Structures are given as structure tokens and as C-alpha cells.
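A look at the structure
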Amino acid sequence: LDNAPVAAILWDHEFRVARWNEQAERLFGWTAGEVIGRRPGPDWGILPPGEWEAVVAAAVERAGSGEDRTVVV
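How each quantity is defined
Residues numbered from 1 in each chain as written. Predicted model: local features only at pLDDT ≥ 70, side-chain atom pairs only at ≥ 80, totals over all residues. Heavy atoms only, no water. Helix = DSSP H or I, 4+ residues; strand = E, 2+ residues; numbered from the N terminus. Buried < 20%, exposed > 50% of the residue type's maximum accessible area, 1.4 Å probe, protein only. Contact = heavy atoms within 4.5 Å. Areas by Shrake-Rupley, 256 points an atom, 1.4 Å probe, with all protein chains shown as cover. Phe/Tyr/Trp six-rings, centres within 6.5 Å; stacked < 30°, edge-to-face > 60°. Polar contact = N/O pair within 3.5 Å; in protein donor to acceptor, adjacent residues only side chain to side chain. Salt bridge = Lys/Arg side-chain N within 4 Å of Asp/Glu carboxyl O.

1. A look at the overall build of the chain
When helices and strands are counted, the chain shows 3 helices and 2 strands. Its helices and strands taken in sequence order, the chain reads β-β-α-α-α from the N to the C terminus. The buried share among the 73 residues of the chain stands at 25%. At a minimum sequence separation of 6, the contacts of the chain that also span at least 24 residues come to 15%. When the accessible surface of the chain is totalled, it reaches about 5000 Å², and 53% of it is carbon and sulfur.

And the structure:
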């Protein structure tokens, strides 16, 4: 993931950041040390304003159903 040309963020089963690559650091401005182990919030700039709640709800629903937890935005 560190060599991926795109931002890659991996979440644990409690929706905390488990991995944050260098492209995510460049794109969003947060270092891995600042976000690993934390739950993201709308102030992180990961999603456009107004889309945060819908994306989080869909991710939580998928995680609870056992579906693939990959979310591409």
C-alpha cells in the first residue's frame, strides 16, 4: 500500500484507521501518526461536505453484513 499511486486507507472492525499510506498523507494532510487508531470525522477532508453520513452508514451496514468492506470514493 505504501507504493500505491492512490490514497489507501484501511479500517479495522471498529471503524478506526488501521493503515494510512503516503498518498493519503499528501492528499488529506494528516500523517499516519495522527490518524492510526482514530475514527475519522467529517473534519478530516476525506469526503465532500454532506456525503460523510451516507458513506459511513453504508460502510457500517456492509461491515455488519459480512460483505466486502472496501469503499471507494
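Don't stop here, the text continues.
2. Considering the packing of aromatic side chains
Overall, the coordinates contain 3 aromatic pairs when judged by the stated rule. Pairing tryptophan 20 with tryptophan 44 gives two aromatic rings, centres 5.9 Å apart and planes at 90 degrees, and the pair type is edge-to-face. Linking tryptophan 20 in strand S2 (residues 17–20) with tryptophan 44 in the loop between helix H2 (32–35) and helix H3 (52–65), this pair joins segments that are 24 residues apart in sequence. What makes tryptophan 44 buried here is its relative accessible area of 3%.

3. A few points about the side chain of asparagine 21
Structurally, asparagine 21 is set in the loop between S2 and helix H1 (22–28). Residue asparagine 21 is classed as buried on the basis of its relative accessible area of 0%. Among the polar contacts made by the side chain of asparagine 21, one reaches the main-chain carbonyl oxygen of leucine 1 at a distance of 3.0 Å. Within the structure, the side chain of asparagine 21 is placed 3.0 Å from the backbone nitrogen of alanine 8, a separation counted as a polar contact.

4. Side note on the environment of valine 17
Mapped onto the fold, valine 17 is located in strand S2. Residue valine 17 is classed as buried on the basis of its relative accessible area of 2%. Distance in space between the C-alpha atoms of valine 17 and glycine 37 is 5.2 Å, their sequence separation being 20 residues. Those residues in contact with valine 17 that sit more than four places away from it in its chain are Ile9, Leu10, Trp11, Val35, Ile36, Gly37, Arg38 and Trp44.

5. A look at the pattern of salt bridges
Taken as a whole and judged by the stated rule, the model has 3 salt bridges. Residue arginine 26 is joined to glutamate 22 by a salt bridge in which the shortest nitrogen-to-oxygen separation is 4.0 Å. Remark: glutamate 22 and arginine 26 occur in helix H1; sequence separation between them is 4 residues, near one turn of the helix. When its relative accessible area of 57% is taken as the criterion, arginine 26 is described as exposed. Classification of glutamate 22 as partly exposed rests on a relative accessible area of 42%.

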